[in-house]
Amino acid sequence: MALLAVSLTTPALFAATERAPAAQQTQSLLPDDLRPRALGDSRPWEVGLKFQVTSPAYAEAIQVYRNHTLSAGTIATLWSSTGRALSTVTFEPSGQTGLDTVQLDSPVQLEPGDDYIVSYSAPQGRQPQDQRQFTRSISNGVLKAEPNAGVYSGRLGNFPTRTYRASNYHVDVVVSTGGAGPTTPPPTTSPTTGPTTAPTSEPTTAPTTEPTGGPTTEPTSQPTTTSPTTSPTTAPTTAPTTAPGGTNFPTRASTGTPSGWSPRTTVNGDYNVTTAGAVVQDLRIVNGSLNIRANNVTVRRVEISSGQINNVFSRQCSNGLVIEDTTILRGSTDIGQPAIQFGGYTARRVKIDGPSEGLRVGGKDYGCGEVRVEDTFVNVNAYAGCERAGSGIDWHGDALQGYNGPKVTVRNSVLKLNPTPYCIGNSAFFYPTQGNTSADIDKVLVSGGGFVFRLDTPGTVRNLKVVDDSWYYGPSHNQSCTGGITWGAGNEYVSYNEGTGAWSSKRPLSCLGFRG
C-alpha cells in the first residue's frame, strides 16, 4: 500500500514521554493533556497502540481522543499479541470532542514480557494521527511502548499490526497496579472540548498525515433520535434517465433541491433516522450530518451544509437508501469526508457542490449493497489551504471513489474535480483494485484530477465524456483494459459548458488514454 503524507513541521515528541511512575493506583501511557495536531485520511481504519507492562498490572479502561467523526460512537478492543480480543468496549454517541475514557466490563490481567494492543474503529477515517511521535521508546509507571508503537489495519475491527511513520493515533490504555488486583475505579474522563481549527491535509491512500489544528469543528447540537416528516413508504420506482447521445448533462440548476424550495425544518447538528421505510423530506441541516440507521429510507429535498449522509452505524449498513433532489454543500467548514457514504444507496438528481470529497462507494464489510447514481451533479473543490503555495497539503480528493465497494452503476451524471496549482486531487472517477467489485458507466462526464477516469476492476464503459485538457497526468488509466473492461461506443474527449451542461465531441478516447 502506498502511503502519502503532508510535509508539516512536527513538534518535538511530547514532553511527558518519560515520566516518573505515578503515585496513584491507575495510570496511562500518554499525557492526558496531549492534543492531536493531525488527522488521517477519510478511509475507514482500525488504529491503535502497542504497549507492554514492566510488572503485573490490570487493564481497566481504554482512552480515545474523539473528534467529530466519532460523534456516532465506536468500538474499541484490547488485543493479545496473537490477535485474540481480550475485551471490547463501546464508546457511546457524543457530539463532544476530546479525551474520552470507557471502563472495561472487567479488568484484564497483563503480564510482563507480552505485547498488547488497544485499538478502536474509525469508520469515517479522519482519526487523530501525529507522525514521528513514536520514534523512540516511551514509558510511564509500569507502562511502556517501543518505537513505532502506533499500529493500524485497513479493515475495521481487524487486529492492527501495520505501522506508518511512527504515528501516534491517540488511543491509550488505563491500568492499575497492586498484588490482588484493581481496587480503585479507573478514570471516567468525559470528553473535553478539543481544538476546532480545520485540518490542513487530505490524503487518501492510508491513514496518513497532518492538519495543523486538530479535529475539525463539531456540530452545534446533539444528535436526535427521530427523523423529521417521516412516514412509511414503499421503494420508489426508478425514474428514467436521459438516453445517451447529444443531450445536455445535468447542471447545478437541474439537480438538488428545486428552485424556490424552502425547508419545513432546520436542524443545527446531526440528525439520525432510525425508522425503517421512513421518508425524510424538506429538511435543512447546518453543521451536521444525516445519519441513516434503518433500511429502506428515502431522503427527498434535503439540504446539508458542512455535513454528509452516512448509512453505516456500528459496522452495519442500512441498505435500500434512496436520495433524491438533495443538495450537499461545503458550507462554512469542509469536513473532509465523502458527501455520501457508504453503499446500498441510490443517488438521483443529487447536487454535491463544493466539498473536498464527493461520493463514496464502499462498505462491503458492513453488508452494503450496490450503488446507483443517476442524473447527478458532483462538483468537488480542493481542500482548504490548497490555494496557498507551500501549504504542504497533499489533497487526494475524488468526485467518486470506490474502496471495498460493491458494484457501482452511474448514468447521465457529471463528476467534476477542481484542482488548484498546488493541489491536483486524485480522480473524478476512482475505482481501483482496493476490494472493489465492478462498474457500469453510461453517459458520464468527468473532469479534473491526476488521471480523470480510473477503473481497475471489470466493468462496462459507454458514452464516457472526458473534458479535454482537464488532467495533469492523463485522461484515463485503467489496469483492466485487456482483461475485464468492455470499452463500448461513445467514449471520447469533449469540450463542455458547465452552466448549460452542453458538450461537443473532439476525438475518440481509448481505454488506456495515456496523455490523450
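Just above sits the structure.
Residues numbered from 1 in each chain as written. Predicted model: local features only at pLDDT ≥ 70, side-chain atom pairs only at ≥ 80, totals over all residues. Heavy atoms only, no water.

Enquirer: Hey, could you run me through the pattern of salt bridges in this one?
Expert: Where charged atoms from two side chains of opposite charge come close, those side chains can pair. Applying the stated rule across the entire model yields 22 salt bridges. The shortest N-O distance in the salt bridge between aspartate 325 and arginine 349 comes to 2.7 Å. Placement of aspartate 325 in the loop between strand 21 (321-324) and strand 22 (327-329) and of arginine 349 in the loop between strand 24 (345-348) and strand 25 (351-353) is noted, with a sequence separation of 24 residues between them. For aspartate 325, a relative accessible area of 16% gives the class buried. By relative accessible area, arginine 349 is classed as partly exposed at 24%. For the salt bridge of aspartate 456 with arginine 454, the shortest nitrogen-to-oxygen distance reads 2.8 Å. (Salt bridge = Lys/Arg side-chain N within 4 Å of Asp/Glu carboxyl O. Helix = DSSP H or I, 4+ residues; strand = E, 2+ residues; numbered from the N terminus. Buried < 20%, exposed > 50% of the residue type's maximum accessible area, 1.4 Å probe, protein only.)

Enquirer: I'm lost on empty space enclosed by the protein in this one. Help?
Expert: A probe as big as a water molecule, rolled over the atoms, marks out the empty space that is left. Applying the stated criterion across every chain yields a total of four cavities of 30 Å³ or more. Size it by volume and the second largest cavity reaches roughly 80 Å³. Forming the boundary of the second largest cavity are Ser28, Leu30, Pro31, Asp32, Leu34, Gln63, Tyr65, Leu99, His170, Val171 and Asp172. Per-class residue counts for the lining of the second largest cavity are six nonpolar, three polar and two charged. (1 Å grid on protein atoms, 1.4 Å probe; cavity = no way out; pocket = protein on both sides within 12 Å on 5 of 7 lines; lining within 4 Å. Points joined across faces, edges and corners; volume = space filled by probe spheres on them. Nonpolar A, V, L, I, M, F, W, Y, C, P; charged D, E, K, R; others polar.)

Enquirer: Hey, could you run me through the environment of arginine 43 in this one?
Expert: Its location among the elements puts arginine 43 in the loop between strand 2 (26-28) and strand 3 (45-53). In the structure, arginine 43 is positioned 295 residues away from proline 338 in sequence and 9.3 Å away in space, judged by C-alpha atoms.

Enquirer: In this structure, what is going on with the state of the cysteines? I would like to understand it.
Expert: In total, this model carries one disulfide according to the counting rule given. Between cysteine 317 and cysteine 368 runs a disulfide, and the two sulfur atoms are separated by 2.1 Å. In this structure the cystine formed by cysteine 317 and cysteine 368 twists about its S-S bond by roughly 105°; its chirality is therefore right-handed. One end of the pair, cysteine 317, is in strand 20 (residues 316-317); the other, cysteine 368, is in the loop between strand 26 (359-362) and strand 27 (371-374), and 51 residues separate them in sequence. Considered together, cysteine 317 and cysteine 368 belong to a single accessibility category, that of buried residues. (Disulfide = S-S within 2.5 Å.)

Enquirer: I would appreciate a short explanation of the nonpolar core in the present structure.
Expert: The nonpolar side chains of soluble globular proteins are, as a tendency, buried together. One finds Ile309, Phe429 and Val446 to be the most contacted residues of the largest nonpolar core, which totals 59 residues. Beyond its immediate chain neighbours, meaning those up to four positions away, phenylalanine 429 contacts Leu400, Val410, Leu415, Ala439, Ile441, Val446, Val452, Phe453, Arg454 and Leu455. If you look at the next biggest cluster of nonpolar residues, it comprises 37 residues, including Leu29, Leu110, Ala149 and Val171. (Core = buried A, V, L, I, M, F, W, Y, C linked by side-chain atoms within 4.5 Å. Contact = heavy atoms within 4.5 Å.)

Enquirer: Looking at this model, I keep getting lost on the sheet that holds strand 7 (residues 98-110). Mind explaining?
Expert: Sheet strands line up and pair through hydrogen bonds in the backbone, either parallel or antiparallel. Strand order in the open sheet made by the four strands is 2-12-4-7, with antiparallel pairing throughout. Edge positions in the sheet fall to strand 2 and strand 7, since each of these pairs with one other strand and no more. Averaged over neighbouring strand pairs, the angle between their axes works out to 25° when direction is ignored. (Pairing = 2+ DSSP bridges. Axes fitted to C-alpha atoms, helices over the stretch in contact; angles between N-to-C directions.)

Enquirer: I would appreciate a short explanation of the pairing of strand 34 (residues 459-467) in the present structure.
Expert: On any regular strand, side chains alternate: one points to one face of the sheet, the next to the other face. A large share of strand 34 lies buried, amounting to seven of its nine residues. The pairing of strand 32 (residues 439-447) with strand 34 spans seven bridges and is classified as parallel. Note on strand 34: the bridge partner recorded for aspartate 440 is threonine 460. Relative to strand 36 (residues 485-487), strand 34 runs parallel, the two sharing three bridges. By the bridge assignment for strand 36, valine 461 is matched with tryptophan 487. Here three bridges tie strand 34 to strand 37 (residues 492-496), and the two strands are oriented parallel to one another.

Enquirer: Is there a simple way to explain the pairing of strand 31 (residues 427-431) in this structure?
Expert: Along strand 31, five of the five residues are buried, which leaves the element largely enclosed by surrounding structure. Sheet topology places strand 29 (residues 398-403) next to strand 31; three bridges connect them, and they run parallel. Counted as the bridge partner of leucine 400 is phenylalanine 429 from strand 31. Note: strand 31 against strand 33 (residues 451-455), three bridges, orientation parallel. Bridge pairing in strand 33 links phenylalanine 429 to phenylalanine 453.

Enquirer: What is the right way to look at the packing of aromatic side chains in this model?
Expert: The way to describe two aromatic rings as a pair is by their centre distance and the angle between their planes. Under the definition given, this model contains eight aromatic pairs. Between tryptophan 45 and tyrosine 152, the ring centres sit 5.5 Å apart and the planes meet at 85°, which makes this aromatic pair edge-to-face. A residue pair is termed long-range when its members are at least 10 positions apart, and tryptophan 45 in strand 3 and tyrosine 152 in strand 11 (residues 150-153) qualify at 107 residues. Each of the two residues, tryptophan 45 as well as tyrosine 152, counts as buried. With a centroid separation of 4.8 Å and 15° between ring planes, the pair formed by phenylalanine 429 and phenylalanine 453 is classed as stacked. Of this pair, phenylalanine 429 sits in strand 31 while phenylalanine 453 sits in strand 33, and the two are 24 residues apart along the sequence. A residue is classified by how much of its surface remains accessible, and phenylalanine 429, at 1% relative accessible area, is buried. The class for phenylalanine 453 is buried, based on a relative accessible area of 1%. Three or more aromatic residues joined by ring pairs form one cluster here, namely Phe429, Tyr431 and Phe453. (Phe/Tyr/Trp six-rings, centres within 6.5 Å; stacked < 30°, edge-to-face > 60°.)

Enquirer: Just checking my understanding: could you explain the side chain of serine 71 for this structure?
Expert: Positionally, serine 71 belongs in the loop between strand 4 (57-66) and strand 5 (74-80). There is a polar contact of 3.1 Å between the side chain of serine 71 and the side chain of aspartate 270. (Polar contact = N/O pair within 3.5 Å; in protein donor to acceptor, adjacent residues only side chain to side chain.)

Enquirer: Is there a simple way to think about the environment of lysine 443 in this case?
Expert: Its location among the elements puts lysine 443 in strand 32. Between the alpha carbons of lysine 443 and leucine 464 there is a distance of 5.5 Å; along the sequence they are 21 residues apart. Reaching out from lysine 443, the side chain makes a polar contact with the backbone oxygen of asparagine 248 at a distance of 3.3 Å.

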